[in-house]
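# Structural overview
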Amino acid sequence: MKTRVGLLGDGPFTPPNSLQPGAQQPPLLALSRPLFWLFRSTIPTMHFQNSLPRLPVPKLEDTIRRYLAAQKPLLDDDQYRNTERIAKEFEKGVGRKLHRTLVESDKKNKHTSYISDPWFDMYLCARDPVVLNFNPFVALNPDPKEAYNSQILRATNLVVSSIKFLNSLKKQCLRPDIYYVDPKWSKSRPFKNFIRFLPTSISCFGAYMVNAYPLDMSQYKRLFNSSRIPKLNKDELFTNEWGRHLLVMRNGHFYVFDVLDPVGNILHPSEIQAQLIYILQDADRLPEFSLCYLTTEDRNIWAAVRQQLVEAGNEDNLQKIDSAVFCLCLDNISPKDDTELSHCLLHGHGFNRWFDKSFSLIITSDGTAGINFEHSWGDGVAVIRFVNEVYRNSTRHPAIIPLHSPGALSASTCERLEFRLNDSILSAINAARMKFDETNKKISVGMFEFRKFGKEFLVKQKLSPDAVFQLACQMSAYRQFGKIMSSYEACSTAAFKHGRTETIRPTSVLTKQCSRVFVEERSKHSVSDLRNMIDECSKYHRRLQLEAALGKGFDRHLFALKHLSVVRGDPMPEFFLDSAYQKLNHIILSTSTLPSPAVLIGGFGPVAPDGFGIGYNIFDTWLGCNITSYLKKELPEFLTCLEYSLNDILDVLEGRPLA
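Here we summarise the structure given alongside this text. (Residues numbered from 1 in each chain as written. Predicted model: local features only at pLDDT ≥ 70, side-chain atom pairs only at ≥ 80, totals over all residues. Heavy atoms only, no water.)

## With respect to the pairing of strand E17 (residues 589–593)
Where strand E15 (residues 487–492) and E17 come together, three bridges link them in parallel fashion. Pairing of Ser487 across the sheet is with Leu589, part of E17. Examined bridge by bridge, E17 and strand E19 (residues 612–618) share five bridges and lie parallel to one another. Residue pairing in the sheet places Ser590 in a bridge with Gly613 of E19. (Pairing = 2+ DSSP bridges. Helix = DSSP H or I, 4+ residues; strand = E, 2+ residues; numbered from the N terminus.)

Pasting the structure below:
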């Protein structure tokens, strides 16, 4: 049998053992299966893990300097002097001792990063419900071919592509995550062959020779077959890599069926399609009590009820849910616009989600697709890579086509999970449902698009597109509330072993001055002066971005020091009790960007009850964002102010005086 080239062509494709010459041939149906992997990478998936650089522990004096710079625009002179005094005392006293202990611990744990365990603890010890507080969402663009956007067709194609991604990951043939400064090297076969034969202990250094930077992929092991398990005071992450079944939810009912055989062959797409059709027909009404609401509860309450479920004889069913490859939610709704879609993917109606799964693939009745993912196990880098690959594969190489005949309908291979529920459990489900419904009434979503410029225009202006959007957010808050606000922008530190994220603090002395001038002193400054202010904000923001990406921010360092103090049982240092520290970490503008050609929109809940959650994307010719808030009256005004601010910036960049 001839070898075939992988669908996305990174090397020859070798069929699995069951299709090798001389092997016992499988049934004819199996021979017609599509390729089992996305592609065959020349460089093994985890080739760089051993040689990734370690996340640096910043110098304490640098952290304090950066911390004070972030505090300055938020405080008046007296407040700043007090915070400066507290910070300097911390730097010279208890902070220095904590820092020394942190550095010593880091040297003894070279297999990981200093932030990894504290960051896991932060998520897993949080007792707030995961929905709205932690789980983000992304909505995929429609399939470019309209006929492929029916619910069952799209679900089948996305499931098959997802399992191909899983197989590629397991077989070490998924291309490693690498950031190429010069994209030409991503297509260079001699470079890839050179890197492939380097020992894993030095492979990263070979990539650095051409300004290519491998990224940490340790989070991928939790992408599939994983769940967050509620436990008293601290949850646990569970992974069973041997799970071969898919969890499907429809109208609050649970179904499981195998999508992989013991050697990794994917169930034929027509059989997957038939199973999904059967589930749609079988789950024709809602259950009286949907177990799903329990995953929206306070984590300690959910932990106690889960134990009751186990004691009532439901342990096997819970194991099937937890170990499933992932969760597919077939919704019985068709959102009429992006606002309704955001609500659907962010929280839904509660009865057709299992929010503890590492991720859930959600398909609405009209074929719109999205992802809701639990955040403790990993960050957006792994999820966006998964979304990009699965979207590309499912649209370019669909497993089934319109009018494709499904396999024979059969209930024998698809199991509907039935649960034993006593009065105490039923009461807990009802209480969870009422709390969930009440919370959902309070959350608002606003969609925003600005079509007058995008990345291309701003780059020609020699400005950072990200800096301009962040500045516009600062201006909007100043225009609406009359003051500058504490802001947060997530930045990946995946260039380091077990890196997670660092915080960019967009609020600065420069953005405060610029916002004040644009809002209160518009007529007192020339266009040239205003343009210079924008330029200075952009330069400073670029510096903050670079520092954060290199692990030289201050937030994670301070977080690790505070965590260490708590773990040791020390009295809490005055530094962390300072009201200014609390104010800085009361995030009003929480932002995250979603650079992906596969993503339509993405978002998350606000991190403060009086704040905004801003998921944004800056495209070549326009920009857009999804904003969530509990401030129902203030959200529309913020959107208006954001448009006003972007128009002001455009006027200045095009040389027009502000009206």
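## So, the packing of helix H5 (residues 116–125) against helix H18 (residues 555–568)
Two measures define how a pair of helices packs: the angle their axes make with one another and the distance between the axes. It is at 10 Å that the axes of H5 and H18 come closest, and there the two elements cross at 75°. Looking at the two axes, H5 sits roughly perpendicular to H18. Judged by residue contacts, Pro118, Trp119, Asp121 and Met122 of H5 engage Arg556, Phe559 and His563 from H18. Its residues placed into classes, the contact of H5 with H18 shows four nonpolar, one polar and two charged. (Axes fitted to C-alpha atoms, helices over the stretch in contact; angles between N-to-C directions. Parallel < 35°, antiparallel > 145°, perpendicular 65-115°, else oblique. Contact = heavy atoms within 4.5 Å. Nonpolar A, V, L, I, M, F, W, Y, C, P; charged D, E, K, R; others polar.)

## Some words on the packing of aromatic side chains
Summed over all chains, the structure comprises 32 aromatic pairs. Where Tyr180 meets Phe191, the ring centres are 6.3 Å apart and the plane angle is 75°; that geometry is what we call edge-to-face. In this pair, Tyr180 sits in strand E4 (residues 178–180) while Phe191 sits in helix H7 (residues 189–196), placing the two residues eleven residues apart along the sequence. Its relative accessible area of 16% is what places Tyr180 among the buried residues. Relative accessible area serves as the criterion here: at 6%, Phe191 is assigned to the buried category. Both rings, one in Phe450 and one in Phe453, keep their centres 5.1 Å apart while their planes meet at 70°; by these two values the pair is edge-to-face. (Phe/Tyr/Trp six-rings, centres within 6.5 Å; stacked < 30°, edge-to-face > 60°. Buried < 20%, exposed > 50% of the residue type's maximum accessible area, 1.4 Å probe, protein only.)

## Notes on the packing of helix H3 (residues 77–92) against helix H4 (residues 94–108)
It is at 3 Å that the axes of H3 and H4 come closest, and there the two elements cross at 45°. What the angle tells us is that H3 and H4 run oblique. In this structure, H3 uses Phe90, Glu91 and Lys92 to contact H4, whose residues at the interface are Val94, Gly95, Arg96 and Leu98. Grouping the amino acids of the contact of H3 with H4 by side-chain chemistry returns three nonpolar, one polar and three charged.

## Remarks on the state of the cysteines
One pass over the full model with this rule turns up zero disulfides. Just so you know, Cys292 is unpaired, no disulfide at all, and the nearest cysteine sulfur is the one on Cys327, 7.8 Å from it. The thiol of Cys344 is unpaired, and the distance to the nearest cysteine sulfur, on Cys329, comes to 9.0 Å. (Disulfide = S-S within 2.5 Å.)

## What to know about the nonpolar core
In terms of nonpolar packing, the biggest core is built from 56 residues, with Phe224, Phe257, Leu276, Phe326, Leu328 and Ile371 touching the most fellow members. In terms of residue count, helix H6 (residues 151–170) provides more of this core than any other element does, nine residues in total. In this structure, this core is formed jointly by two domains, domain 1 (133–174 + 222–401 + 409–442) and domain 3 (444–654), each of which donates at least three residues. When sequence neighbours within four positions are dropped, the list of residues in contact with Ile371 reads Pro136, Phe137, Val138, Leu140, Phe359, Ser360, Leu361, Val383, Phe386 and Val387. (Core = buried A, V, L, I, M, F, W, Y, C linked by side-chain atoms within 4.5 Å. Domains from an automatic or database assignment.)

## Structural notes on helix H11 (residues 338–346)
Side chains of residues three or four places apart in an α-helix project in the same direction, reflecting 3.6 residues per turn. Three or more residues of H11 are buried, namely Leu341, Ser342, Cys344, Leu345 and Leu346. Tucked inside the fold, the buried residues of H11 contact strand E3 (137–140), strand E11 (359–363), strand E12 (369–373), strand E14 (444–450), strand E18 (599–603) and strand E20 (623–629). Among the residues of H11, the N-terminal cap falls to Asp337, whose side-chain oxygen and the backbone nitrogen of Thr339 are separated by 3.2 Å. Two residues or fewer after H11 comes Gly348, characterised by a positive phi angle close to 60°. (Polar contact = N/O pair within 3.5 Å; in protein donor to acceptor, adjacent residues only side chain to side chain.)

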